[in-house]
Every structure is written in C-alpha cells, then in structure tokens.
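Residues per chain, in single letters:
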Amino acid sequence: MAFKSKIKWVALFVLVLSFASLLRHLSIAKYSTVDLVQYSALTAFHNDFDTLSGKQSIPNKKLWEPVKPLQSLQPYANPRSNYPVPNEQSNGFIYAKIFGGFSKIRSTICDLVTISRLLNATLVIPDIQESTRSKGISHRFKSFTYLYDEEQFIASLKNDIIIVKSLPDNLKAARKRNEYPSFRPKNSASPKFYIKEVLPKLKKAKVIGLVIADGGCLQSILPPGMAELQRLRCRVAFHALQFRPEIQILGHRMVERLRAWGQPFLAFHPGLLRETLAYHGCAELFQDVHTELIQYRRTQMIKRGIVHEELSIDSHLRRENGSCPLMPEEVGILLRAMGYPPKTIVYLAGSETFGGQRVLVPLRAMFPNLVDRTSLCSNKELLDILGPETPLPLNPFQPPPAKSEAQLKEEWKKAGPRPRPLPPPPGRPIYQHEKEGWYGWITETATEPDLSAVDLRMQAHRLIWDALDYIVSMEADTFFPGFNNDGSGWPDFSSLVMGHRLYETASSRTYRPDRKVVAELFNMTRDNVYHPKHNWTLSVQEHLKKSLGEEGLIRQSLLSKPGVFISHPLPECSCRISSAEVPVHVKGNDGRSVHGGEEECPKWMQHGQEVPLESAGEEDKVEDNELSEYGSTLVEQPESNDSDRTNTSLVFDQDDEMDPND
C-alpha cells in the first residue's frame, strides 16, 4: 500500500511539473511572436469558445482605417485662373468614333473634351462602337446613352465646351458620304499636332472626324502652362461622366447589400485580360488551350505592328520583371499575410477574367466570401438593366459534319509513304461546351472566326458589368489591383479606379504593389520564411503598407501618370489643407512635380476640414477599444424588399488569422 501511495504522489508531482512547464512555454510564446500572429493554445480555446457561445471577436481595424498621411489631400478641380466660358462662334464640329472597352472609352472621352476646348470646337456626342456595332442590344439606348447619362454630361460641361447630340441636318448627309477629313490620332498625340494639323482643316471644312482605338487621343502629361486643361480632364472623368440612372441605382444597391452584412469589404480586380496577357507575353502562366489563345492573339498583334518582339517569350522572366499580372492565388496569399481573415468579404470586379473560374479556385479557397455581381443581383435585375433586346439564336453551335468511311479510307491512302505510322486512336466524343467560343475554333482551325452576333452583344454587356464593378470598387473600403501601370500606354480598369479614389478620398486604403518586388518576395519564401530576422510575412506587410502612402503615390506618379493622366490626377486636381506635417516636394527628372506640389486649399475648404483632422487621433483611440460585429460567425440574410434578389449567404471561416509557418 505504501508503495502504491508513493507512485501516486510521484505521478501527481510529474503532472504539476508538466502543467507548470506548459504555462511557462505559453507565456514565452505569447510575448515572443510578431504582431501579425498572436496565437496560443489558450487564445485559440477562448476564440473557439466565443464562437460556440455566439460572442463576437474584435477585428483588426488597422486593416481598414484611412491612411493618415494623405488625409490633408482634398479634391479641387475648379479653374484657378482666368477661365472664359466657351465661345458660341466655334471653329467647327468634332465627331468621334471610339473603339475599345470600358477603360478606353472613359479615357478617350476625357481627351475629346480637352481637345474641343483647345481648338474652340463644338463636340458632338461621340459614338461608342462597342454598342453601335451590336445590333441586338436594346433600342432604348443610343451609343453614348448605353453607358452614360447624356443630359448630365452636357449640363456639367456647359462652362467648358459646347456639346451637341448630333450634327446639324445640313451637315449630316456630307458625313455619310465621308466628305469631311478624318484623323486617327494616337494616344500620345501632342497639342501641337492638333493646333498645326487639325485646326486648319477644322476651320476650312467646319467638321472633322476622329477615329480613336488606342484608349486616348492626347498625351497624358501636358506642358505646365496647360494645367487648366488637366483640371478639365478631371472635371470630365470625376464629375461629368455619370452612368445612366439605371446603372447607378443597381450599383449602389449592390453596395448596400454588401454593407448589410455589417462588415467592411475589399474589392479586387484581377486584370487578367487576353489582350494584356498577349501584349506582355504572359502565356506560360496558363496551361492547355489558354496558352494557345494568348499566343494566337500575340501573333495578331505582331502582324499589326502593336508588338515589336518575338512570339515566344519567357513568361517567368516577364513575371519577375513585374510585366505580368499577379495571379489570384498570389493575391490571396498577400492578403492573408497582411492579416485579412478568411471571412473577409472580397468583391471580384471585372467583366472578364481570362482563365475563368479555374484560376479563381485558390483565391476562393482562402477567402470563401468571394462574391461578384451575380452573387448580389438576380438574373431579372441584370436583364432589366440591359433593356429589351432583340432575340438571338439560343444555340449557335453547329457540329462539324461527320466523315464517311470512304473519306477516312482515302485519307489513309494519302497519309504518305510506308512505313506509315499507326492510325490515331478513336476520338473521344466532343461535347458541345468544348466547341463553343474559344474551344470551337482553336481545336479545329488555325484562324479565329469573326465575332458572331452573340459575341458582339456580350462585348456591349461587358460595358455595363464594368460600370457596376466600377461603382462597387469606388465605394469599397479597400481596393487591391491585380494589374495596373502595365506600361503599354492603354488605360486599364484598376488604374482608373485608383485615380478616382485618389481624387475623391486620397486617404482611402488603395494598395499600389510593385509587382517586381512581389515576385522577388515569392521567390525568396523557401529560404527566409522561417528566419526570424528576415520574416517573409513582415516583408510583405512592410511593402504593402508603404504602397498605401506617399511612397506608393510617388511610384504611381512615375509609372502610371505618363500613360493616363486621370490614373494619377495629382497635383493639378487637388489641394492640401494646412496640417502639422508638410510633405516632401518630389520632382521627376523632367522637372514636373511628382509629389507634394499641391496648392493650399481655399479658406472655405479648410474651414470645413480643420475639425475632423484635429479629432482624428482621438476617434481612432476610441474605435480601437470598441467592439465590432465584424467577427461574427453566424450571419443571417439581411432583410430586403427585393424578392427577386438571389439569396447570398457568406461562408465564414473560423480562423481569424493565418500562421505564416503553416
């Protein structure tokens, strides 16, 4: 009996010693981890218990708060100097045809208004060819009005230029006979080109035409003496170009449905477009038929003189140079490294994502609450915004005619001299979805067929989908671009959204990652992910945090502004209210102001902004101690009177943060 009691005391002593050692190790782990991951067994236990009991966790509000160093920047695109109203006796009319998608259309319209002001010309509402060429879209809308509010556009710019809906009746017939001179300006055309080449013909013929396909018709950076023209571009892009009411209503309804979950949300635009991938030679980032599709489009660009390089290019080297888009999987890893929990609502913007849902699978696995317009709107809402359309054939698929046995024998006889290769194995059945669209022509012919009526209609629909995504991206708490500043000179969706967010609310969280640096970070993960002094997660955090502030703005000004002005409308279209911190004035090699060259805001603007800036620090202190509903794991469908909207339920993961070493 005595021996057994000694064993019990020894076992009890060992148990107490083990428990004390466990507590000691937990305390060491708690105070030695980095800020990103505060993980311990006790913390995990409490989190799991809170989840089961319905208690809501406290989110990391630093991931959503405004960027304080940029709060002094305010939108101010009003004329600063003597700016006369347009002369009623103009030099003539300018009409234009715009080719391209959403981004090219928006950038081109800004340039057209600027050129009309420069030449003292009357602008005819331009024709958007993506909608004009599609004969099957709704007859309710005409070209420009398919996307934008025509009346708002004319009224907003009445003090800048004269805009008419169409040419006078006595000039329309001559236009149909192509009697007026027309130009095909590049997006790098200078003001001297229009003054010396276009203006004389405008005065002589009274009407000229512009055919624009490069996403603009005027160089981005104008001489310092033309700052008023730059501000005119801002007034067009950020004030006059309003979407038609139906688009605005549905877009804001989508934002309200996202807000109804009681959480901030992040908007992400992949930027995976076939044109962009072909231009930069990023075909090897994909597999199978997608690589062939990109290479075929690159071949077309080489023949047209758009690309002056070889067809085959090492896509992995291009990726390391930052020339290729970030893949959705990489973006998901970056966001998790920043500390965004899996339950974060991520809105997927963009009417086209090359590669389809397959490339989005890794991102959706990391963020189950990945939603898009189809998740927030019913089919009826999306169809109503398009208006009544002419019915098209529902099944344009035509299977190839089957070869007879005689034809097969004849082909075998003509197969070449003996020894002949073995006959091919019997082909598997070809399903309809493999013959429609891309798969149909690339598996049978070497030439891409002309666009069908369905394809043309889909291109017009993409304008509407991009407009809806533009509204949601503007209202998002955070925006992350998958591809911008691509160097091609074409405007892209992400750059336009980033420029608009910078103009309206410069302090909004907009990431501006350097894809070259990101590629280097992904290449070094195997070597330094476990190194305490070179922690990979901290390196990602440091780079992305810098991209939010002044360092990211300077880089964007150097890379993005030379391509499209409205992608970085500073310092011409903004002012800075007085604050304790004076930004460093940075100038580029050409002498232009890159950062910190904004004028001081007028007194009437400063009076309205002094109080919020002084109390900003106190508000942040209060918010950090408040509970939020962001950590809720049980989400109910928000009430809505719209019975047609699809039921969307967000799938929340239980893990609040990711351990970088897992």
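Values in this document were obtained by computation on a predicted structure and should not be read as measured data.

Participant: Help me understand the environment of Pro342, please; the structure alone is not making it clear to me.
Facilitator: Tracing the chain through its elements places Pro342 in the loop between helix H13 (328-338) and strand S9 (345-348). Along the sequence, Pro342 and Leu370 sit 28 residues apart, while their C-alpha atoms lie 9.9 Å from each other.

Participant: Got a minute to help me understand the state of the cysteines in this structure?
Facilitator: Covalent bonding between the sulfur atoms of two cysteines is what defines a disulfide. Counted under the stated rule, the structure contains three disulfides. For Cys282, the disulfide goes to Cys324, at an S-S distance of 2.1 Å. One quick way to see it: the torsion about the S-S bond of Cys282 and Cys324 is about -100 degrees, and its sign makes the bridge left-handed. Residue Cys282 is located in the loop between helix H10 (274-280) and helix H11 (289-304), and its partner Cys324 is located in the loop between helix H12 (315-320) and H13; the two are separated by 42 residues in the primary sequence.

Participant: Please explain the pairing of strand S7 (residues 207-212) as it appears in this structure.
Facilitator: Counting buried positions along S7 yields six of six residues, so the element is predominantly enclosed. Where burial is concerned, the two faces of S7 agree: the one with Val207, Gly209 and Val211 and the one with Ile208, Leu210 and Ile212 are both buried. Pairing geometry for strand S6 (residues 182-183) and S7, over two bridges, is parallel. Considered in S7, the bridge of Ser182 is made with Gly209. The parallel pair S6 and S7, bridged by helix H7 (residues 191-205), forms a crossover whose chirality is right-handed.

Participant: In this structure, what is going on with the sheet that holds strand S13 (residues 574-576)? I would like to understand it.
Facilitator: Strands belonging to one sheet form pairs held by backbone hydrogen bonds; the direction of such a pair is parallel or antiparallel. Taken together, the three strands give an open sheet; going across it, the order is S1-S13-S16, and neighbouring strands pair in mixed fashion. The sheet terminates laterally at strand S1 (73-75) and strand S16 (599-600), the two strands that pair on one side only. Examined bridge by bridge, S13 and S16 share two bridges and lie parallel to one another. The partner of Cys575 across the bridge, within S16, is Glu599.

Participant: So what exactly am I meant to see when it comes to the sheet that holds strand S8 (residues 265-269) here?
Facilitator: Reading across the sheet, the five strands line up as S10-S9-S8-S11-S12 and stay open at both edges, with parallel pairing between neighbours. The sheet is open, and its two edges are formed by strand S10 (370-371) and strand S12 (509-510), each paired on a single side. Bridge count between S9 and S10: two bridges; the pairing is parallel. Among the inter-strand pairings, Val346 is bridged to a residue of S10, identified as Leu370.

Participant: Explain the environment of Phe354 here, please?
Facilitator: As for its position among the elements, Phe354 is in the loop between S9 and helix H14 (361-366). Relative accessible area serves as the criterion here: at 0%, Phe354 is assigned to the buried category.

Participant: Is there a simple way to explain the side chain of Arg235 in this structure?
Facilitator: With respect to the secondary-structure elements, Arg235 resides in helix H8 (residues 227-240). You can call Arg235 buried: its relative accessible area is 11%. Among the polar contacts made by the side chain of Arg235, one reaches the side chain of Asp160 at a distance of 2.8 Å. Excluding anything up to four places from it in sequence, Arg235 contacts Ala77, Asn78, Pro79, Tyr83, Asp160, Glu228 and Ala240.

Participant: What is the right way to look at the pattern of salt bridges in this model?
Facilitator: Opposite charge on two side chains permits pairing when their charged atoms draw close. Enumeration according to the criterion identifies 28 salt bridges in this entry. Among the salt bridges present, the one from Arg457 reaches Glu389, with a minimum N-O distance of 3.5 Å. A residue pair is termed long-range when its members are at least 10 positions apart, and Arg457 in helix H19 (residues 453-475) and Glu389 in the loop between helix H16 (379-386) and helix H17 (405-413) qualify at 68 residues. Of the residues examined, Glu389 reaches a relative accessible area of 23% and is grouped as partly exposed. For Glu542, the salt bridge is made with Lys546, and the minimal N-O distance between the two is 3.3 Å.

Basis of the calculations
- Residues numbered from 1 in each chain as written.
- Predicted model: local features only at pLDDT ≥ 70, side-chain atom pairs only at ≥ 80, totals over all residues.
- Heavy atoms only, no water.
- Helix = DSSP H or I, 4+ residues; strand = E, 2+ residues; numbered from the N terminus.
- Disulfide = S-S within 2.5 Å.
- Buried < 20%, exposed > 50% of the residue type's maximum accessible area, 1.4 Å probe, protein only.
- Pairing = 2+ DSSP bridges.
- Right-handed = clockwise from strand over helix to strand, strands pointing away.
- Polar contact = N/O pair within 3.5 Å; in protein donor to acceptor, adjacent residues only side chain to side chain.
- Contact = heavy atoms within 4.5 Å.
- Salt bridge = Lys/Arg side-chain N within 4 Å of Asp/Glu carboxyl O.

So yeah, pure geometry; function would need other evidence.
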